Amino acid sequence: MPRRYFPMSTDDQLRFPDGFLWGAATAAYQIEGGADAEGKGPSIWDTFSHTPGKVFHGDNGDVACDSFHRYGEDIALLKRLGVGSYRLSLSWPRIQPTGRGEVNAKGLDYYNRVIDGLVEAGIEPSVTLYHWDLPQALQDAGGWANRDIADWFGEFAAIAGEAFGDRVSRWITLNEPWVVAHVGYRDGRHAPGIQDPALAVAANHHLLLAHGNAVSALRASSAAPVGITLNLTVERPVTPEAAAHAAVLEARQNGVYLDPIFHGRYPELLDGDASFSPAAAGHVRDGDFEIIGAPLDFLGVNFYAPHYVGMLHADGEPRRGETVTGPDTVSIQPDGLPITAMNWLVEPGSIRELLTRIVAPVTGALPVYITENGSSWHDYVTQDGQVNDLERIAYLRGHLAAVHGAIADGVPVKGYFAWSLLDNFEWAEGYAKRFGLVYVDFATQERLLKRSGEVYASIVAANALPK
Ligand SMILES: OC[C@@H]1[C@@H](O)[C@H](O)[C@@H](O)c2[nH]c(CCc3ccccc3)c[n+]21
């Protein structure tokens, strides 16, 4: 049967380019459990989740989805979805219990079992080195606020590269350094729960140095492509007066990572702002940008929702849907846009704007992967054992159509990883917020493919989105 050439889109479907990589993503602390199993050391999320008041309902990751034992079930679900790749992360303290020196062989064994299982199933392992679960012993030594962590992370990367580099299909050094620095050290909603802008801006820089060291260590131990995953923001000013504020917000979240990595400097817009620019705060030393700017093979982008920003009215009173964010600024929840269970906006066009306006001008021809996109809804199992998550299906279809649009605009998006394979430990929200294509009954650990998972499987199989 001669292979028919399918145009990018026909009347009834949006076709993705041949070889487009479909995937699903998780992270170690969110799914594994086995918090102290087989030699694993404590992470800052073990500490944080066991600290009263930090996580909704007092939830913790002691068991989570029990993927430490049930990874075989997870791989079977990935096969059911038909995805080409699985994005997982390594628990640093499972491999190095104190974050430095001694390696826990049983920790390496676990990831060898998972990676071998994926390879056997014909699913490419896309491995994130760090997805927020820092060894507690390193936090006790200052964590990301201590510049020495760049060397500690480089050592960990070398261990991972040597142990798994022959079977890993792509490496991601860090997941969302902005969240690590600013949610962990500035507003303190995440582990380690610090509220200190000076430490946050130091962490911002040290994360980038660590990233650069990890790129070098992986290049020395693995032939697989290397990238980083950034959660980039789209800030939409609702009036011309708010445009300058929107640009500052994008510099504070996007520029402080894109500019050092791709342009060898921090954003000029933040010059003089020592609470957001590591350059202004004096953290940059000679040679730092050579380390940070190590050439990458791809950029990973996590994106969920846009933000709308405006100026506070002259009377100083926020209007309906407005939240005061500064002396004269507000964030706005526009009427008429759906919101998810996380109170995030559903506005699919924003991912196309992100890719065309913010990413492509910086990355050019460099491959881009959507390493996370998804939505949380109040899922429940019906009497006949179904999860009819129609809102998640609508979110998924809308955002895939927008990604297709960005590709048509010329952005070299090479793949899409749905967040998440499984309902899992959603950080400070605990198990109350479900993002999975697969429903997890945490009382029984039973996994149930949701309608959205069935729809995703059909999109993957067709490499196309039915209109
Ligand atoms: O909140 C859903 C997912 C998390 O479960 C992932 O671990 C994390 O990579 C991730 N990042 C984002 C976007 C930024 C964000 C960070 C922290 C909390 C909420 C949103 C959303 N998500």
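The structure this text deals with has already been given above.
A brief report on the enclosed structure follows. (Residues numbered from 1 in each chain as written. Predicted model: local features only at pLDDT ≥ 70, side-chain atom pairs only at ≥ 80, totals over all residues. Heavy atoms only, no water.)

## Re the layout of surface pockets
Inference 1: Roughly 1600 Å³ of volume is contained in the largest pocket.
Inference 2: Per element, the largest residue contribution to the lining of the largest pocket is 4 residues, and it comes from helix H10 (residues 243-263).
Inference 3: Classifying every residue of the lining of the largest pocket by side-chain character gives 22 nonpolar, 18 polar and 10 charged.
Inference 4: Counted as a void, the second largest pocket has a volume near 170 Å³.
Inference 5: Around the second largest pocket, the lining residues are Glu 250, Ala 251, Asn 254, Gly 255, Leu 258, Asp 259, Pro 267, Leu 269, Arg 357, Ile 358, Pro 361 and Val 362.
Inference 6: Elements with a contribution of two residues or more to the lining of the second largest pocket: H10 and helix H12 (349-363).
Inference 7: In terms of residue count, H10 provides more of the lining of the second largest pocket than any other element does, 6 residues in total.
Inference 8: Classifying every residue of the lining of the second largest pocket gives 7 nonpolar, 2 polar and 3 charged. (1 Å grid on protein atoms, 1.4 Å probe; cavity = no way out; pocket = protein on both sides within 12 Å on 5 of 7 lines; lining within 4 Å. Points joined across faces, edges and corners; volume = space filled by probe spheres on them. Helix = DSSP H or I, 4+ residues; strand = E, 2+ residues; numbered from the N terminus. Nonpolar A, V, L, I, M, F, W, Y, C, P; charged D, E, K, R; others polar.)

## What to know about the sheet that holds strand S8 (residues 235-237)
Inference 1: Taken in spatial order, the 4 strands line up as S8-S10-S12-S11 in an open sheet, and their pairing is mixed. The open sheet has two edge strands with one neighbour each: S8 and strand S11 (322-326). When the angles between neighbouring strand axes are averaged without regard to direction, this sheet yields 35°.
Inference 2: Against the sheet, H10 makes contact with S8, strand S10 (307-311), S11 and strand S12 (329-332), and its axis sits at roughly 175° relative to S8, the strand it touches most. (Pairing = 2+ DSSP bridges. Axes fitted to C-alpha atoms, helices over the stretch in contact; angles between N-to-C directions. Contact = heavy atoms within 4.5 Å.)

## Re the site of the ligand
Inference 1: Gln 30, Glu 176, Glu 372, Glu 426 and Trp 427 are the nearest of the 16 residues found near the ligand.
Inference 2: Between the ligand and Glu 176 there is a distance of 2.7 Å, counted from a nitrogen atom to a side-chain nitrogen or oxygen.
Inference 3: Glu 426 is positioned such that a nitrogen or oxygen atom in its side chain is 2.7 Å from an oxygen atom of the ligand.
Inference 4: Coverage of the ligand by the protein amounts to 91% of the 450 Å² it exposes when considered alone. (Near = heavy atom within 4 Å. Polar contact = N/O pair within 3.5 Å; in protein donor to acceptor, adjacent residues only side chain to side chain. Areas by Shrake-Rupley, 256 points an atom, 1.4 Å probe, with all protein chains shown as cover.)

## A short note on the pairing of strand S15 (residues 438-441)
Inference 1: Here 4 bridges tie S15 to strand S16 (residues 446-449), and the two strands are oriented antiparallel to one another. Following the sheet pairing, Val 438 is matched in S16 by Leu 449.

## Re empty space enclosed by the protein
Inference 1: Under the counting rule described, the total for this entry stands at 4 cavities of 30 Å³ or more.
Inference 2: In this structure, the largest cavity occupies an estimated 90 Å³ of space.
Inference 3: Along the walls of the largest cavity sit 15 residues, with Ile 31, Tyr 86, Leu 88, Tyr 110 and Val 114 positioned nearest its centre.
Inference 4: When contributions to the lining of the largest cavity are tallied by element, the ones reaching two or more residues are helix H1 (28-31), helix H3 (67-81), strand S4 (85-89) and helix H5 (105-120).

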